[in-house]
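So the chains spell out like this:
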Amino acid sequence: MSVLLKVNKIKTYFPIRRGLLQRVIGHVKAVDGVDFHLNELETLGIVGESGCGKSTVGKTVLHLIPPTEGEVIFEGDNLEELNEKEMQQKRMHMQMIFQDPYMSLNPRLTVREIITDAPVYHGLIDRKDTRKLAMKLMDFVGLSSRQLNRFPHEFSGGQRQRICIARALSLNPKMIICDEAVSALDVSIQAQILNLFRDLQQEFKLSYLFISHDMGVIRFISDRVAVMYLGRIVELAEKKELFTNPLHPYTKALLSAIPLPDPEQKKKRQPLQGEVPSPTRNYPGCPFAERCPMVIEECSTTVPQLTELGNNHQVSCIRV
Amino acid sequence: MKQDNQKDNLLVDIRDLNVAFFLRQGVARALANLNLQIKRGETLGLVGESGCGKSVTSLAIMQLIPEPGKIMSGEIHFNGEDLMKKNRKQMRKVRANSISMIFQDPTSALNPVLTIGDQLTDTMIVHQKMGRKAAREKAEFHLNEVGISNPGRQLKQYPHELSGGMKQRVMIAMALSSEPDLLIADEPTTALDVTIQAQILDLMLDLQQKYNTAILMITHDLGVIAEVTDRVAVMYAGKIVEQTDVKTLFKEALHPYTNGLMKAIPSAVADLADHEKLYTIPGNVPTLLELPHGCYFQKRCHLVSEECRSRHPEFTERSAGHLVRCFHV
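Bear in mind that the values here come from a model prediction, so they are computed numbers and not experimental data.

**Student:** Explanation requested: the layout of surface pockets in the structure shown.
**Tutor:** In this approach a probe as big as a water molecule rolls over the atoms, and the regions it shows empty are the leftover space. Estimates place the volume of the second largest pocket at around 950 Å³. Together, 33 residues line the second largest pocket, and A:Ser156, B:Asn284, B:Val285, B:Pro286 and B:Thr287 are the ones closest to its centre. Breaking the lining of the second largest pocket down by element, the ones donating at least two residues are helix H5 (157–169) of chain A together with strand S1 (10–23) of chain B. Per-element tally for the lining of the second largest pocket: the top contributor is H5(A), with three residues.

Right, dumping it as structure tokens:
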């Protein structure tokens, strides 16, 4: 298995400006030193609560937001060093699917235009061949080719997400970043789309960076899982390892907080106290320290590093 | 706590409720002959996908169906009185004193230009005829109860200064300040993170114990249902298709839609075998404008037969308290 994407210590900070002179008075540290790689044909799940920086990681990988520090290496090329033209070529191989299929489709274009505009622009196909390509892609994502000339508002949420997937596939990408791609869908539709993602992965030889807050979805779709908290990865492991043997106290709390669909097992939960603190603060030690049940004095002074504990299991905690 | 001199302990009794929305494209039958009972102090879960009529049911109880919707027929008994027969003023009283509601999105449910304190005390001053100072003390007491540690400071803050979880706590404090008999919670934790969701659910159950409030819990999350409810009603296209106690539902659900829903959720506690697919219910939810003749679930059902296409299945009792609307189970 070869590495498709390598992310080295990326940081993405957003400046906070105040006052007449718009002076920078601080930073929102959305992503604060994240390291991971994605293999070909693999799905890496990124899970975490709102504001933990998982969506910013996705956008930074695509250089939709360039990183403040660190580098993103895709197919062996550092994206920082590419010029505009080369970047355009690269972007064909990395596509994104968003959460809300109502907002991410242009309401004035027909499905055929939505799906085929990009390959025409990039010169992959001739304008007169769009019908054929559109029909083929519609078939792949399970839509009827009779619906080719309809507009987005004529489709249901699940069907719209299928259109978004067809659009992402139209450029023959190697990697698709799915940012909460099934979160807005009803359960019965969500299952259909998740299965579709799996089928397409084999068919098109895709790698997914699958961002979600839903542990069930992550467990179904991922090969490896990264858990994020306040802009950092706190734990990264093979799916099975992470769910059966979570080591970081945050991962444990997250897993125990999920309500289980089994009334016989009303477990005694140990919900985390407090809420996620602000990402604008500077943490001299571990950012999770103030909510952590295992906290010791050292935690407030030492910044834990993501360390390999064998078995491809990486944890960022000084207590494990 | 309010005294009830009722013969039985039935709090809400909805009989043959029909609600329709008159749209330009036609008439959408949002609820068709709905029957639903809620006992005092119990938690009833209402599950279903978007557009199945869960929220319309709760709005009908509150008599707050928005235009162009209309309650066509039926009775809604609450505390032994028919809410349909009440005029606007009487209904306002019921909403102020006996039924409270919390919504999915606490941000849009709170008024951004009023402080938390103003919003909490307003109803007490108007409906319970309390003085400003007494209302403020009561508000502080309720904020404390929902786990807000510094209520004096919180009362002076505006909604935008609070996080989502905090705002939902404020909504719960507001809902419970009138010590209602019924709390309608419409997807109360859907917008919250899992760790915060766990806190809020625990809080709701604690307060329910304390005030003996009945809760109508509307959600699409079967995990939440399993964790907090006593009985469950599953809705599909404006009808209840299955209703039973929560343990029976998760052990021996009968209706093919309920079963499909349960199997379609990816589990966070167990792995599927390699390359095994998720169970799916084929097709989409039918639009309420063009419901099929016969059973509404027929187009997506694997048990479908000729009978399903020709007439609508009755809601029948299979064992004590377990009602199902299907010919084939």
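**Student:** Help me understand empty space enclosed by the protein, please; the structure alone is not making it clear to me.
**Tutor:** All names here are of chain A. Across all of its chains, the model carries seven cavities of 30 Å³ or more by this definition. In this structure, the largest cavity encloses a volume near 70 Å³. His248, Pro249, Cys286, Phe288, Ala289, Cys292, Cys299, Thr302, Pro304, Cys317, Ile318 and Arg319 are the residues that line the largest cavity. Partitioned by chemical class, the residues of the lining of the largest cavity number nine nonpolar, two polar and one charged.

**Student:** Please clarify how helix H11 (residues 256–264) of chain B should be interpreted in this entry.
**Tutor:** A turn of α-helix holds 3.6 residues, and therefore any two residues three or four places apart point the same way. Residues of H11(B) that are buried include every one of B:Pro256, B:Tyr257, B:Thr258, B:Gly260, B:Leu261 and B:Ala264, and no others. Turning to H11(B), the residues buried within the fold contact helix H6 (187–204) of chain A together with helix H9 (222–228), strand S9 (231–236), strand S10 (239–245) and helix H10 (246–252) of chain B.

**Student:** I tried to follow the interface of chain B and chain A on my own but got confused; where do I start?
**Tutor:** A common way to report how large an interface is uses the accessible area buried once the components associate. Listed per partner, the contact involves 45 residues of chain B and 40 residues of chain A. Put simply, B:Lys277 and A:Asp199 hold a salt bridge, and the shortest N to O gap is 3.0 Å. The interface formed by chain B and chain A contains 14 residue pairs in polar contact (both at pLDDT 80 or more). Secondary structure elements with two or more residues in the side of chain B that touches chain A: helix H7 (164–176), helix H8 (194–211), H9, H10 and H11 of chain B. Per-element tally for the side of chain B that touches chain A: the top contributor is H8(B), with seven residues. Split by residue class, the side of chain B that touches chain A holds 21 nonpolar, 14 polar and ten charged.

**Student:** Looking at this model, I keep getting lost on the pairing of strand S2 (residues 26–39) of chain B. Mind explaining?
**Tutor:** Successive side chains on a regular strand alternate, one facing one side of the sheet and the next facing the other. Residue and element names in this part refer to chain B. By the bridge criterion, ten bridges tie S1 to S2 in an arrangement that is antiparallel. By the bridge assignment for S2, Ile14 is matched with Leu36. Counted along the chain from S1 to the antiparallel partner S2, the turn is two residues long.

**Student:** Explain the nonpolar core to me, please; I cannot follow it from the model alone.
**Tutor:** The tendency in soluble globular proteins is for nonpolar side chains to be buried as a group. Ranked by size, the top nonpolar core spans 98 residues in total, and within it A:Phe197, B:Val19 and B:Leu182 carry the most contacts. The element contributing the most residues to this core is H6(A), with nine residues. In this structure B:Leu182 touches B:Leu11, B:Val12, B:Ile38, B:Ile61, B:Phe78, B:Ser98, B:Ile99, B:Ser100, B:Thr213, B:Ala214 and B:Leu216, once residues within four positions along its chain are discounted. Judged by nonpolar contacts, the second largest core, of 32 residues, contains B:Leu110, B:Val146, B:Ile148 and B:Met217.

Cut-offs and rules
- Starting from 1, residues in each chain are numbered consecutively following that chain's sequence as written.
- The lettering of chains begins at A and the numbering of ligands begins at 1, in the order of writing.
- Two thresholds apply to this predicted model, a pLDDT of at least 70 for residue-level local features and 80 or more for giving and counting side-chain atom pairs, whereas whole-chain, interface and lining totals are computed over all residues.
- As a rule here, side-chain values come from all non-hydrogen atoms in the structure, and water together with hydrogens is ignored.
- The method works on a 1 Å grid over the protein atoms by themselves. A cavity is a set of points holding a 1.4 Å probe that cannot get out, a pocket is an open set with protein on both sides within 12 Å along at least five of seven lines, and residues with an atom within 4 Å of a point line them.
- Grid points are joined across faces, edges and corners, and a volume is the space filled by probe spheres set on the points.
- A run of H or I in DSSP counts as a helix once it spans at least four residues, and a run of E counts as a strand once it spans at least two, with each numbered from the N terminus.
- The classification used treats Ala, Val, Leu, Ile, Met, Phe, Trp, Tyr, Cys and Pro as nonpolar, Asp, Glu, Lys and Arg as charged, and all other residues, Gly among them, as polar.
- Any residue under 20% of the maximum accessible area for its type is buried, any over 50% is exposed, and the rest in between are partly exposed; the area is computed with a 1.4 Å probe on protein chains only.
- Throughout, a contact is declared for two residues whenever any of their heavy atoms are within 4.5 Å.
- One speaks of a salt bridge when a side-chain nitrogen belonging to Lys or Arg is within 4 Å of a carboxyl oxygen belonging to Asp or Glu.
- Distance and chemistry together define a polar contact, namely a pair of N or O atoms within 3.5 Å, with one atom able to donate a hydrogen and the other to accept it when in protein, and with adjacent residues in sequence counting only for side-chain atoms on both sides.
- A pair of strands is labelled paired if DSSP reports no fewer than 2 bridges between them.
- Only buried Ala, Val, Leu, Ile, Met, Phe, Trp, Tyr and Cys residues count toward a nonpolar core, and they belong to the same one when joined by side-chain atoms within 4.5 Å.

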